[in-house]
Each structure stands twice: as structure tokens, then as C-alpha cells.
Amino acid sequence: MLTKDRVIVCKDYDEMSRRAADVFADYIRENPTGILGLATGSSPEGIYTCLIEDNKAGKIDFSGIKSYNLDEYYPIEPTHEQSYRYFMNDRLFDHVNIDKANTFVPDGKCADPDAFCKAYDEQVAAAGGVGIQLLGVGRNGHIGFNEPGDELIGATHLTALCESTIDANSRFFETRDDVPRHAITMGMDGILSAECIVLVVSGKEKHEALMMLLSGKYTTNAPVTLLRSHKNVYVFCDEAAYNG
Ligand code: GLP
């Protein structure tokens, strides 16, 4: 359960990133062949910078580590600068000693998304499941691309993006029309079955989503609220997100 001591309010983005990165660095040291669940977006970028520094300083070793990413736009080419595969290579994988063959991001150009999603879940399970899952949160409370709605889906699946998510993510594309309308995302089962979850929340535009999580209520209209039930979850946020 999400207890008060697991909500760590940091001065700013940099402190939040360093402290959250320390949880990952400890995990990697304790589990040299562990499995990371990774996320994209501006929230985790600072963590990746810290982990690169730690790797370069010889404090952590990625050589035995595997990673599975949460989500990817659909359709999108992996070489597209806004694809999550490109993001991960650029922000982390190209700068640490991880074997790229051990890094998995949903395939944004697969011909049969349903078959792909099923195989992705099977692959994660066969690898032993995610040891530590990094998460950001959307302004509307989405996690991965599990968007608010009457129902949430357990398995990895193809989903349509909310208009508000298209708006929020259009800042990364040339025009709003260029934002893919769909994505492949791990579902709630995949996220909640990680042994440990680390959520990072930064900036006042995330205040509402953070408050929904901290309110003590559960709603599928803010998928982030389901994290409360997890037995080993940490929330690192900055003062801007906490105070609004
Ligand atoms: C995206 C991703 C999420 C991410 C969220 C917030 O749509 N699918 O995994 O957590 O938006 O992104 P940011 O951290 O850039 O605000």
C-alpha cells in the first residue's frame, strides 16, 4: 500500500531524479541480471542521465540487465525521432553498457498488434517478470498509455490515445496531426505485477494527477490511483507537483 513515508517530496526535478535513480542503482547492484521496466517522457529523462553517470563512474553495471518498455506509439518507425525506441536509445541505451539485444520496446510497426501484444506479455513472463518498474504519469492520470475510462485492460494491448494526450504530446511533433492516434501499451496487470514500482511526478501541471493518487480513492478515470494498492511502490515528486 502507498504509505506516507513512500511519498518523497523533493525540492526540484534534479533532486527528484537523483533520489529516484538511487532506487534503480541499488536494484541493479543487488540484481545484476535483473529486469527493468522502463518509461519514456520528460519525467524519467533526469533519472536516465543519473544512471548514465553512475555507469560511467563504474558504480553500476548494465551488462546482465534486461529491460522492457511500457509503451510505444502505433504506427511509428523505430528510427522516428519521436518513437519510444529512438528515445530509449538516445537517452539511455546508447550511453551505458547494456546489450541492446536485451532491451525491448513494443514494436510500433508490427503487422499484427494483437499477436504482438500477446507475445510481449509472454516474453516478459518467461523472463521472470519486471523487478522494478519506472513510471511517469500523464496530466489526465494515465500510466503507460492506459487512458482514463470506464474500464482498464489487464494485458498489453493496442489503444487509442485521448484527445488531451494527443494535445499534451503534440509538443514533441511538428504538428498535432503528426501525433500517432494509437499506441501499444502494457496493461494494468503488467504494471502492477512488477515487484517494485517507482513513480516520478514533476511540475505543477501534474498536481491534479498526483492529488488523485494521494486522495485515497480508486478510479479507472485516473489509472494512476490503482498504484495505491501495490505492495512496494515509491512516489518521488517535486514541490511544484506536490504543492500545485
Ligand atoms: C506519455 C507516456 C507516459 C508518460 C506520460 C507523461 O504519454 N505514454 O508513459 O508517463 O506521457 O509524460 P511526461 O513525463 O513527458 O509528462
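Heads up: the structure comes first, above all this text.
Presented here is a report on the structure given in the accompanying data block. Just so it is clear, the model here is predicted, and its values are computed rather than measured.

### Description of the overall build of the protein chain
So, step 1. When helices and strands are counted, the protein chain shows eight helices and 10 strands.
So, step 2. The globule rule puts the C-alpha radius of gyration for 244 residues at 18 Å, and the 17 Å found for the protein chain is close to it.
So, step 3. When the 244 residues of the protein chain are sorted by exposure, 53% land in the buried category.
So, step 4. In the protein chain, of all internal contacts separated by at least 6 residues, the share reaching a separation of at least 24 is 78%.
So, step 5. About 10800 Å² of surface is accessible on the protein chain, with carbon and sulfur atoms providing 49% of the total.

### Here we look at the packing of aromatic side chains
So, step 1. Considering all chains together, one arrives at eight aromatic pairs under this definition.
So, step 2. Ring centres 4.8 Å apart and planes at 45° place the aromatic pair Tyr73 and Tyr84 in the tilted group. Highlighted residues: Tyr73 in strand 4 (residues 71-74) and Tyr84 in helix 3 (residues 84-91), separated in sequence by 11 residues.
So, step 3. Between Phe116 and Tyr120 the ring centres are 5.6 Å apart and the planes differ by 25°, which places this aromatic pair in the stacked class. Of the two residues, Phe116 and Tyr120 are both situated in helix 4 (residues 113-127); the distance of four residues between them amounts to about one turn of the helix.
So, step 4. Residue classification places Tyr120 among the buried positions, given a relative accessible area of 2%.

### Considering the pairing of strand 9 (residues 196-201)
So, step 1. The buried fraction of strand 9 is high, at six of six residues.
So, step 2. Neither face of strand 9 is open: one carries Cys196, Val198 and Val200, the other Ile197, Leu199 and Val201, and all of them are buried.
So, step 3. Pairing analysis gives four bridges linking strand 6 (residues 132-135) to strand 9, with the strands arranged parallel. Residue pairing for strand 9: Ile132 is matched across the bridge by Cys196.
So, step 4. Taken together, the five bridges between strand 9 and strand 10 (residues 233-238) define a ladder with parallel strand orientation.

### Details of the sheet that holds strand 9
So, step 1. Spatially, seven strands are ordered 1-10-9-6-2-3-5 in an open sheet, and the strand pairing comes out parallel. On the outer flanks of this sheet lie strand 1 (7-10) and strand 5 (103-104), each paired with one strand and no other.

### Some remarks on the site of the ligand
So, step 1. Neighbouring the ligand are 13 residues, the closest being Ser42, Ser43, Asp71, Phe145 and Lys206.
So, step 2. In the model, an oxygen atom of the ligand is placed 3.4 Å from a nitrogen or oxygen of the Val137 main chain.
So, step 3. Surface burial for the ligand is 94%, taken as the share of its 390 Å² of free accessible area covered by protein chains.
So, step 4. Of the residues in the shell around the ligand, the class split is three nonpolar, seven polar and three charged.

### Things to note about the side chain of Thr103
So, step 1. Residue position: Thr103 is located in strand 5.
So, step 2. Engagement of the side chain of Thr103 in a polar contact is seen with the backbone oxygen of Lys100, the distance being 2.7 Å.
So, step 3. Beyond its immediate chain neighbours, meaning those up to four positions away, Thr103 contacts Ser67, Arg85, Phe93 and Ile98.

### A closer look at the environment of Gln123
So, step 1. As for its placement among the helices and strands, Gln123 is situated in helix 4.
So, step 2. Taking the C-alpha atoms as reference points, Gln123 and Ser202, 79 residues apart in sequence, are found 32 Å from one another.

### Re unusual backbone geometry
So, step 1. Across the junction of Tyr74 and Pro75, the peptide omega takes the value -5°, indicating a cis bond.
So, step 2. Tracing the sequence through the fold places Pro75 in the loop between strand 4 and helix 3.

### Some thoughts on the side chain of Ser67
So, step 1. Along the chain, the position of Ser67 falls in strand 3 (residues 66-69).
So, step 2. For Ser67, a relative accessible area of 0% translates into the label buried.
So, step 3. The contact partners of Ser67, leaving out residues within four places of it in the chain, are Leu36, Leu38, Phe93, Ile98, Asn102, Thr103 and Phe104.

### Some thoughts on the sheet that holds strand 8 (residues 182-185)
So, step 1. Spatially, 4-8-7 is the arrangement adopted by the three strands of the open sheet, whose pairing is antiparallel. Bordering the open sheet on either side are strand 4 and strand 7 (157-160), each of which pairs with just one other strand. Across the sheet, the mean angle separating the axes of adjacent strands is 30° when strand polarity is ignored.
So, step 2. Relative to strand 7, helix 4 is tilted by about 125°, and along the sheet it contacts strand 4, strand 7 and strand 8.

What counts, and where the lines are drawn
Residues numbered from 1 in each chain as written. Predicted model: local features only at pLDDT ≥ 70, side-chain atom pairs only at ≥ 80, totals over all residues. Heavy atoms only, no water. Helix = DSSP H or I, 4+ residues; strand = E, 2+ residues; numbered from the N terminus. Rg over C-alpha atoms; globule rule 2.2 N^0.38 Å. Buried < 20%, exposed > 50% of the residue type's maximum accessible area, 1.4 Å probe, protein only. Contact = heavy atoms within 4.5 Å. Areas by Shrake-Rupley, 256 points an atom, 1.4 Å probe, with all protein chains shown as cover. Phe/Tyr/Trp six-rings, centres within 6.5 Å; stacked < 30°, edge-to-face > 60°. Pairing = 2+ DSSP bridges. Near = heavy atom within 4 Å. Polar contact = N/O pair within 3.5 Å; in protein donor to acceptor, adjacent residues only side chain to side chain. Nonpolar A, V, L, I, M, F, W, Y, C, P; charged D, E, K, R; others polar. Axes fitted to C-alpha atoms, helices over the stretch in contact; angles between N-to-C directions.

None of this, on its own, says anything about what the molecule does.
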